[in-house]
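Report on the structure
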Amino acid sequence: MIGRCRLTVNSVSGALALLLAAFALATPMLATAMLPATAAESGTLDTLRSEALTLVNAARQDRGLPSLSLTARLNAAAQAHAEDMLKRGYYAHQSPEGETVGDRYRERGGGRWKAVAENIAECQGCRSPLSAERVRQFHRGWMNSPSHRDNIVGQGFDGFGFGIAGGDDGRIYAVQTFAGAGASSRSEPGEASAALDAEAHLATALVEVNRAREGAAAGPVAASEQLSGIARLRLPKNLNEPLFGRSGGEIRLPSGVPANAWRSLDLMVGACGACGAVPSGADIRDFTQRWLADPDYRSRLLHPDATHLGFVLRASGEGRKVAVLVIGRRNPRLPL
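Residue positions are counted from 1 within each chain, in the order its sequence is given. Local features in a predicted model are, by the rule used here, given only for residues with pLDDT of at least 70; side-chain atom pairs are given and counted only at 80 or more, and totals for whole chains, interfaces and linings are based on all residues. Processing note: side-chain calculations cover all non-hydrogen atoms of the structure and skip hydrogens and water entirely.

Focus on the overall build of the protein chain
Across its full length, the protein chain holds nine helices and ten strands. Counting the 336 residues in the protein chain, one finds 49% classified as buried. On the protein chain, roughly 15,400 Å² of surface is accessible, and the fraction owed to carbon and sulfur atoms is 51%. Every helix listed is a DSSP run of H or I at least four residues long, and every strand listed is a run of E at least two residues long, numbered separately from the N terminus. In this scheme, a residue with accessible area under 20% of its type's maximum is buried, one over 50% is exposed, and one in between is partly exposed, where area comes from a 1.4 Å probe on protein chains only. Computed with the Shrake-Rupley method and a 1.4 Å probe, the accessible areas treat only the protein chains shown as cover for residues.

Right, dumping it as structure tokens:
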């Protein structure tokens with residue numbers, strides 16, 4: 001019996017946090033649950049997961065995307081949700097208590113800054129046992145839905161999990177979970193996500209800021225390794241730690257830089273999660289454009305007296321990135 005199926009999709013991505021300061025110088029992994037006894041007749045959970053992974057990776061390979069790997073954390077999160085929906089008779093990405101796919105993943109040891117997504121499906125009147133053919137039916141339904149397909153062939157994922165649970169009343173629930181470092185929100189079609197070196201970071205930020213300054217009839221600023229050195233001193237040792245509160249205190253100058261070398265400095269700090277594994281040009285566009293969209297930040301970036309700019313960007317490799325930009329007015333009496 002085919003039964004009646006319905007599908008729904010959910011995804012979680014990291015938000016960008018921005019900070020600005022102005023300076024004027026004077027859990028453990030859980031074991032996965034087994035399928036209900038009624039489902040063991042035609043396929044073990046491992047067999048069904050292997051089939052689900054094969055189907056997902058075939059769809060990705062058709063589009064030139066890297067394959068995903070099954071992970072214990074994502075499997076556990078998917079299976080727990082499938083069994084919970086079956087047991088308590090609801091169908092939603094959020095549990096009755098408000099728990100989300102991100103919560104389920106992190107509770108099982110998943111990374112805080114990872115991009116996480118979920119597809120779920122329900123079949124009513126499905127009297128046949130849980131089998132590879134049932135998994136294929138759910139997969140075809142997800143692939144025929146644009147929003148579900150976007151998760152299956154999404155950028156920035158490397159991990160996959162699958163859960164499925166069925167009851168004697170003919171209800172079956174299936175869950176796909178995805179996780180990875182994510183991708184920059186400003187990536188352009190066909191743009192490579194290759195990492196940029198530090199020199200390219202500064203050059204890219206300079207282009208973005210000077211383009212905005214030209215539009216505001218402000219003169220261009222020049223690149224400054226001194227200001228990039230100041231920016232590096234503001235990077236947290238642990239990229240995963242919160243940034244709020246890091247803007248206060250006295251600014252530190254790199255060794256050998258005179259205290260009166262700069263008449264004024266403005267420092268901006270930004271962070272994002274689920275935005276990719278390596279620094280890219282898209283990240284730099286994202287940070288600078290968000291700063292420019294804020295009236296206070298924009299006024300400092302476009303101040304007519306500013307002369308130089310420094311910039312650094314670091315990535316944790318697991319979805320967290322931190323950027324620091326310093327724009328300043330050089331003391332013309334002192335040489336660079």
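Focus: the nonpolar core
One recurring pattern in soluble globular proteins is that nonpolar side chains are buried together. Throughout, nonpolar core names a set of buried Ala, Val, Leu, Ile, Met, Phe, Trp, Tyr and Cys residues whose side chains join them through atoms within 4.5 Å. Formed by 29 residues in total, the largest nonpolar core has its most connected members in Phe-138, Ile-152, Phe-160, Phe-162, Ile-164 and Phe-178. Put simply, the parts of the chain that give this core at least two residues each are α1 (45–62), β4 (115–124), α4 (132–143), β5 (159–166) and β6 (172–180). A per-element tally of this core places α1 first, with seven residues. Listed in part, the 23 residues of the second largest apolar core include Leu-202, Cys-272, Trp-291 and Leu-325.

What about the packing of α1 against α4?
Fitted lines through C-alpha atoms serve as axes, helices being fitted only where they are in contact, and the angles separating the N-to-C directions of these axes extend from 0 to 180 degrees. Where α1 contacts α4, the axes come no closer than 9 Å and their chain directions differ by 30°. The chirality of how α1 crosses α4 is right-handed. Contact residues: Leu-48, Glu-51, Ala-52, Leu-55, Val-56 and Ala-59 in α1; Ala-132, Val-135, Arg-136, His-139 and Met-143 in α4. Each crossing is labelled by how the near helix is turned from the far one, with a counterclockwise turn of less than a right angle marking it left-handed and a clockwise turn marking it right-handed. Contacts: residue pairs with any heavy atoms within 4.5 Å of one another.

Examining helix α6 (residues 198–215)
Across its 18 residues, α6 extends 26 Å between first and last C-alpha, which sits within 8% of the 26 Å expected from 1.5 Å per residue. Here α6 has its buried residues at His-201, Leu-202, Ala-205, Leu-206, Glu-208, Val-209, Asn-210, Ala-212 and Arg-213. The length a helix should cover is 1.5 Å for every residue beyond the first.

Focus on the state of the cysteines
Here, disulfide denotes a covalent bond that connects the sulfur atoms of two cysteines. Working definition: a disulfide is two cysteine sulfur atoms within 2.5 Å of each other. Enumeration over the complete set of coordinates arrives at two disulfides. The disulfide partner of Cys-123 is Cys-126, and the gap between their sulfur atoms is 1.5 Å. The disulfide partner of Cys-272 is Cys-275, and the gap between their sulfur atoms is 2.0 Å. Its S-S torsion of approximately 80° makes the covalent link between Cys-272 and Cys-275 right-handed. Looking at Cys-272, the relative accessible area reads 5%, which means it is buried. Cysteine pairing for the protein chain (bonded cysteines numbered in sequence order): 1-2, 3-4.

Describing the pairing of strand β10 (residues 321–330)
The buried count for β10 comes to nine of ten residues, which makes it a mostly enclosed element. Any two strands with at least two DSSP bridges between them are considered paired. Direction of pairing for strand β8 (residues 262–272) relative to β10: antiparallel, over a ladder of ten bridges. In the strand pairing of β10, Cys-272 is matched with Lys-321. Pairing analysis gives eight bridges linking strand β9 (residues 308–315) to β10, with the strands arranged antiparallel. Looking across to β10, one finds that Gly-310 is bridged to Val-326. Hairpin connection of β9 to β10: five residues between the antiparallel strands, including Gly-317 at a positive phi of 90°.

Some words on α4
Between its first and last C-alpha, α4 extends 16 Å over twelve residues, near the 16 Å set by a 1.5 Å rise per residue. Where α4 is concerned, the buried positions are Arg-134, Val-135, Phe-138, His-139, Trp-142 and Met-143.

Describing the side chain of Asp-266
Turning to its location among the elements, Asp-266 is positioned in strand β8. Polar contacts involving the side chain of Asp-266 include one to the side chain of Arg-300, which spans 3.0 Å. Polar contacts, as used here, are pairs of N or O atoms within 3.5 Å; protein pairs need one atom able to donate a hydrogen and one able to accept it. Residues neighboring in sequence count only if both atoms are side-chain atoms.

Quick word on the environment of Asp-158
As for its position among the elements, Asp-158 is in the loop between α5 (146–152) and β5. Exposure remark for Asp-158: the relative accessible area of 45% places this residue in the partly exposed category. Along the backbone, Asp-158 and Ala-179 are 21 residues apart, and their C-alpha atoms lie at a distance of 6.3 Å. Not counting chain neighbours up to four residues away, the residues in contact with Asp-158 comprise Leu-68, Ser-69, Ala-179 and Gly-180.

What about unusual backbone geometry?
For Ala-217, which is not glycine, the phi torsion reads 60° and is therefore positive. For Ala-217, the position within the fold is in the loop between α6 and β7 (222–223). Positive phi outside glycine occurs at Ala-274, with the angle close to 55°.

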